[in-house]
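Examination of the molecular architecture
Here is what each chain is made of, one letter per residue.
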Amino acid sequence: MVFIIAVLAVIVAFSVYRNAKKRVSKSEATFAKIGTIVALFIALIQLFTVIPAGSVGVVDFLGTVSDNTLKAGVNIVNPLANIVKFTIKTRNSRNYDVPSKEGLSVQLELSLLYHLNPDNASRIYKTVGENYQEIIIVPQFRS
């Protein structure tokens, strides 16, 4: 969305700059030139995304999910795409409320170490969603 607004701002500012240049209005031309440069800079920044260390990114463009995952670091992406970030760090899951045979809720303290395989991040996003921990891991303890 920011990319589209920045591109529209570039078009408007450049148009104002060309018209101001013809009328020899130096202050308008300078202001429009600065506006064009700033809007162009904002549009170019939208071409890059930063994936933090210990994470991967999944590209979701208009409902189409890419099979490739973005590695940690700076990546060039489609500015209209949504980047969903998943942590691949090892996580520790501890306390769960689980039902007993009698139907009472019992708190279970358990240490479970797990992490997301970076190669499967797009598949997990397509089939399960962003909150895969709540959908896959927690129900296993409640059954």
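In this report, we go over the structure that sits alongside the text. These figures come from a predicted structure and were not determined experimentally. (Residues numbered from 1 in each chain as written. Predicted model: local features only at pLDDT ≥ 70, side-chain atom pairs only at ≥ 80, totals over all residues. Heavy atoms only, no water.)

A short note on the overall build of the chain
In terms of helices and strands, the chain carries four helices and seven strands. Each helix and strand of the chain, placed in order from N terminus to C terminus, yields the pattern α-α-β-β-β-β-β-β-β-α-α. Its C-alpha atoms give the chain a radius of gyration of 24 Å, clearly above 15 Å, the size a compact globule of 143 residues would have. Seen along its three principal axes, the alpha-carbon backbone of the chain occupies a region of about 85 × 30 × 25 Å. Scored against the burial criterion, the 143 residues of the chain give a buried share of 30%. At a minimum sequence separation of 6, the contacts of the chain that also span at least 24 residues come to 56%. Here the chain displays about 9,900 Å² of accessible surface, and carbon together with sulfur accounts for 61% of that area. Treating the 15 positive side-chain charges of the chain as one cloud and the 9 negative ones as another, the clouds have centres 18 Å apart. (Helix = DSSP H or I, 4+ residues; strand = E, 2+ residues; numbered from the N terminus. Rg over C-alpha atoms; globule rule 2.2 N^0.38 Å. Buried < 20%, exposed > 50% of the residue type's maximum accessible area, 1.4 Å probe, protein only. Contact = heavy atoms within 4.5 Å. Areas by Shrake-Rupley, 256 points an atom, 1.4 Å probe, with all protein chains shown as cover. Lys, Arg positive; Asp, Glu negative; His and termini not counted. Charge placed at Lys NZ, Arg CZ, Asp CG, Glu CD.)

A closer look at the packing of aromatic side chains
What characterises a pair of aromatic rings is the spacing of the ring centres plus the angle enclosed by the ring planes. Following the criterion strictly, the structure yields one aromatic pair and no others. Summarising the aromatic geometry, the rings of phenylalanine 86 and tyrosine 125 are spaced 6.1 Å apart at their centres and angled 70° between planes, so their arrangement reads as edge-to-face. Residue phenylalanine 86 is found in strand E5 (residues 82-87), and its partner tyrosine 125 is found in helix H3 (residues 121-127); the two are separated by 39 residues along the sequence. For the pair phenylalanine 86 and tyrosine 125, one class covers both residues: buried. (Phe/Tyr/Trp six-rings, centres within 6.5 Å; stacked < 30°, edge-to-face > 60°.)

As for the pairing of strand E2 (residues 55-61)
Where burial is concerned, most of E2 is hidden: six out of the seven residues are buried. In this sheet, E5 lies alongside E2 in antiparallel orientation, the contact comprising six bridges. By the bridge assignment for E5, valine 56 is matched with phenylalanine 86. Relative to strand E3 (residues 64-70), E2 is paired through four bridges, and the arrangement is antiparallel. Bridge pairing in E3 places aspartate 60 opposite valine 65. The antiparallel hairpin formed by E2 and E3 contains two residues in its connecting segment, where leucine 62 sits at a positive phi of about 55°. (Pairing = 2+ DSSP bridges.)

A short note on the sheet that holds E5
The sheet built from three strands is open, its strands ordered E3-E2-E5 with antiparallel pairing. Pairing within the sheet leaves two strands with one partner each, and these edge strands are E3 and E5. Across the sheet, the mean angle separating the axes of adjacent strands is 25° when strand polarity is ignored. (Axes fitted to C-alpha atoms, helices over the stretch in contact; angles between N-to-C directions.)

Some thoughts on the nonpolar core
With 14 residues, the main nonpolar core has Val58, Phe86, Leu116, Ala121, Tyr125 and Tyr132 as its most contacted residues. Of all elements in the fold, only E2, E5, strand E6 (91-99), H3 and helix H4 (132-142) reach the threshold of two or more residues within this core. By residue number, the principal contributor to this core is H3, which donates three residues. The residues contacting tyrosine 125, other than those within four sequence positions of it, are Val58, Asp60, Val65, Val84, Phe86 and Glu130. Ile51, Val59, Val77 and Ile83 belong to the second largest nonpolar core, which has six residues in total. (Core = buried A, V, L, I, M, F, W, Y, C linked by side-chain atoms within 4.5 Å.)

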